[in-house]
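Each chain, written out:
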Amino acid sequence: MTLRLYDTATRSVRDFVPREAGKVGVYLCGLTLQAPPHIGHLRSGVNYDVLRRWLLAAGFEVTFIRNVTDIDDKILVRAIDQGRPFWSIAYANELILAEAYRALNVLPPTYEPRATGHIPEMHQLIARLIETGHAYPATDGSGDVYFDVASWPAYGSLSGQSPEDMQSAGDAPERGKRDPRDFALWKGAKPEEPADAYWPSPWGRGRPGWHIECSAMCWRYLGAEFDIHGGGLDLTFPHHENEIAQSQAADLPFARYWVHHGLLSIGGAKMGKSLGNALDLDYVAALGVRPVELRYYYAAAHYRSRIDYSEDALREAAVAYRRIEGFVQRAAERVGGGQLGALPAGFTAAMDDDLNTSAALAVLHEVIRDGNTALTAGDDVTVRTTLAAARAMLDILGVDPLDPAWTGGGRTDDLRGVVDSLIALALEQRAQARSRKDWAAADAVRDQLKQAGVVVEDTPQGPRWTIGEQD
């Protein structure tokens, strides 16, 4: 079975056929850096990381571009409010974002361009659009340049909207526009905005509009035509609609597939700083939920589905992951970690079916049930094969408990050696109590560890401990 993906542009699940055999170019709209990321933003990174891992597993050479927007109206508002340079706000949030992605085991992109690094490419695209009659400089002296929506008959095809029903683009004063629906490609300097947020251009000193940024970066890193453009459903209109219009009007074929992920809401509302309902990784950590468990929570839902966040659902996902982790750890202690095995046919079929991670996880849990049965029966051959298969599936989802990303190298894992030593000391005291048949003292050590969130399990190989609840 070949990979099939839901393409927003055709509103259908299509066979994925890359532009060039054996190679895939992916562009993911990254974050606008006016504020630190929340867990709604981070779902995007995990969803497309799973897609990338699946493409890599299929043998493709993947060029994965994930931009950051470091110049934007919202960033400039923050700069004015905080009395800081716009670029200092953007860079501080970029560092936080990068740390969050590392914490969630999201593979680094092939390139992660910043919008401010691609002003020349934006100028080239804008000039080409003006030459072909698809854009025009405003005549009101503002220095703005607009895309002429009426000049592009296909406008609205991605989102399924009719241009006649559209309202004003709302990204600039309408006085300089021929049509309220026209959107800004270049924004002339404004006296009330930061003086350092501008660049020279053929149309006067100014800065780019939001939409032209992504078209320029796609062109620079992936060429005139590429395979997959990704982003959240909320970007379909106007952002992605405008990207298509301005790129194709500039004679760039642009993306062959449009893959959009569902949003993470809270109480039915979109998560966002402005709404006061944004939750970050520190909040999740305070609940006792680890980054690997949050990643599992994301992966358990189909990427196109909406997730309505609740603490109960997150905790349930964490418990489910701990069961998986428990099997992997017990099996590895029994037969060694070994190598990743072959992927079960059911898992492959599910992932090829528009990345159906829910169905893929059902296969994973089936394999783990067989593995637990084998552990109980002392069937090491089956333990070894089920462990290898389970780890192969978990690796695709980015949540293999034996992956070095989860076993060392992170800021949380810096304390692992200290914790190991302290718990080893407590277990040694428990063992001494048991050897002298002081069962009350042994039980007291175990109970104190449990109160601290450390569960001790006696196995034929000796005591083992885990963080979390005993299954």
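Residues numbered from 1 in each chain as written. Predicted model: local features only at pLDDT ≥ 70, side-chain atom pairs only at ≥ 80, totals over all residues. Heavy atoms only, no water.

Read across the open sheet, the 4 strands follow the order β4-β3-β9-β10; overall the sheet is parallel. Of all the strands in the sheet, the pair left with one neighbour each is β4 (61–66) and β10 (254–261). The mean inter-strand angle of the sheet, taken between neighbouring strand axes irrespective of direction, is 25°. Where strand β3 (residues 23–28) and β4 come together, 6 bridges link them in parallel fashion. Paired with valine 24 across the bridge in β4 is valine 62. Across the face of the sheet, helix α6 (residues 236–249) comes into contact with β9 (225–232) and β10 while running at roughly 175° to β10. (Pairing = 2+ DSSP bridges. Helix = DSSP H or I, 4+ residues; strand = E, 2+ residues; numbered from the N terminus. Axes fitted to C-alpha atoms, helices over the stretch in contact; angles between N-to-C directions. Contact = heavy atoms within 4.5 Å.)

On the UniProt side, "domain: Cysteinyl-tRNA synthetase class Ia DALR" (unreviewed entry) is annotated at positions that read residues 346–408 here. The distance from the first to the last C-alpha atom of residues 346–408 is 31 Å, and the span holds 79% helix and 0% strand. (UniProt positions renumbered as here; feature names shortened; annotations may be inferred.)

Using the criterion set out here, one finds 28 salt bridges in the structure. Arginine 207 is the partner of aspartate 73 in a salt bridge, and the nearest nitrogen-oxygen pair spans 2.8 Å. With aspartate 73 in helix α2 (residues 73–82) and arginine 207 in strand β8 (residues 206–208), the pair connects residues that are 134 residues apart, well separated along the chain. For aspartate 73, a relative accessible area of 32% gives the class partly exposed. For the salt bridge of arginine 304 with aspartate 354, the shortest nitrogen-to-oxygen distance reads 2.9 Å. Highlighted residues: arginine 304 in the loop between α8 (291–300) and β13 (307–309) and aspartate 354 in the loop between α10 (345–352) and α11 (357–377), separated in sequence by 50 residues. On the accessibility criterion, arginine 304 (33% relative accessible area) is partly exposed. (Salt bridge = Lys/Arg side-chain N within 4 Å of Asp/Glu carboxyl O. Buried < 20%, exposed > 50% of the residue type's maximum accessible area, 1.4 Å probe, protein only.)

In this structure, histidine 123 sits in helix α4 (residues 119–131). Taking the relative accessible area as the measure of exposure, histidine 123 reaches 15% and is therefore buried. Among all residues touching histidine 123, those that are not within four sequence positions of it are Trp186, Pro200, Ser201, Pro202 and Trp203.

In this fold, isoleucine 396 is placed in helix α12 (residues 380–397). Residue isoleucine 396 is classed as buried on the basis of its relative accessible area of 5%. Along the chain, isoleucine 396 and leucine 55 lie 341 residues apart, while their C-alpha atoms are 9.7 Å from each other.

The subject of this paragraph is the UniProt feature "binding site: Zn(2+)" (unreviewed entry) in the chain. Following the UniProt record, the feature "binding site: Zn(2+)" (unreviewed entry) maps to Cys29, Cys214, His239 and Glu243 here. With the annotated positions falling across 215 residues, the maximum pairwise C-alpha distance of 11.1 Å places them together in a single cluster. Secondary-structure assignment places cysteine 214 in helix α5 (residues 210–222). Excluding anything up to four places from it in sequence, cysteine 214 contacts Tyr27, Cys29, Asn67, His239 and Glu243. You can see glutamate 243 is positioned in helix α6.

It is worth spelling out the pairing of strand β7 (residues 183–188) at this point. Within β7, 6 of the 6 residues are buried, leaving the element largely enclosed by the surrounding structure. Relative to β7, strand β6 (residues 145–147) runs antiparallel, the two sharing 3 bridges. Looking at β7, one finds that valine 145 is bridged to tryptophan 186.

Turning our eyes to something else, we now look at the pairing of β9. Most of β9 is tucked away: 7 of the 8 residues are buried. When β3 meets β9, the two strands line up parallel, connected through 3 bridges. Looking at the pairing, valine 26 lines up with isoleucine 228 of β9. In the sheet, β9 pairs with β10 via 7 bridges, with the strands oriented parallel. Bridge pairing links histidine 229 to tryptophan 258 in β10.

This brings us to the sheet that holds strand β11 (residues 264–266). Across the sheet, 3 strands lie side by side as β12-β11-β13; this open sheet has mixed pairing. The open sheet has two free edges, formed respectively by β12 (269–270) and β13, since each of these has just one partner strand. Looking at chain direction, β11 and β13 are connected through 3 bridges and run parallel. Its bridge partner lying in β13, leucine 264 is registered against isoleucine 307. In the packing of α8 onto the sheet, the strands contacted are β11 and β13, and the crossing angle to β13 comes to about 140°.

Let's shift gears to α12. Side chains three or four residues apart in an α-helix point the same way, a direct result of the helix having 3.6 residues per turn. With 18 residues, α12 extends 26 Å between its outermost C-alpha atoms, agreeing within 8% with the 26 Å of an ideal straight helix rising 1.5 Å per residue. Among the structural elements, α1 (39–57), α8, α9 (311–335), α10 and α11 are those in contact with the buried residues of α12. Of the residues trailing α12, glycine 398 is marked for its positive phi of about 80°. (Expected span 1.5 Å × (residues − 1).)

Let's shift gears to unusual backbone geometry. A cis amide bond links phenylalanine 237 to the next residue, proline 238, at an omega of 5°. Along the chain, proline 238 falls in helix α6. One non-glycine residue with positive phi stands out, namely aspartate 251, at about 70°.

On to the environment of proline 404, then. As for its position among the elements, proline 404 is in helix α13 (residues 404–407). As for proline 404 and asparagine 105, which are separated by 299 residues in sequence, their C-alpha atoms are 9.7 Å apart.

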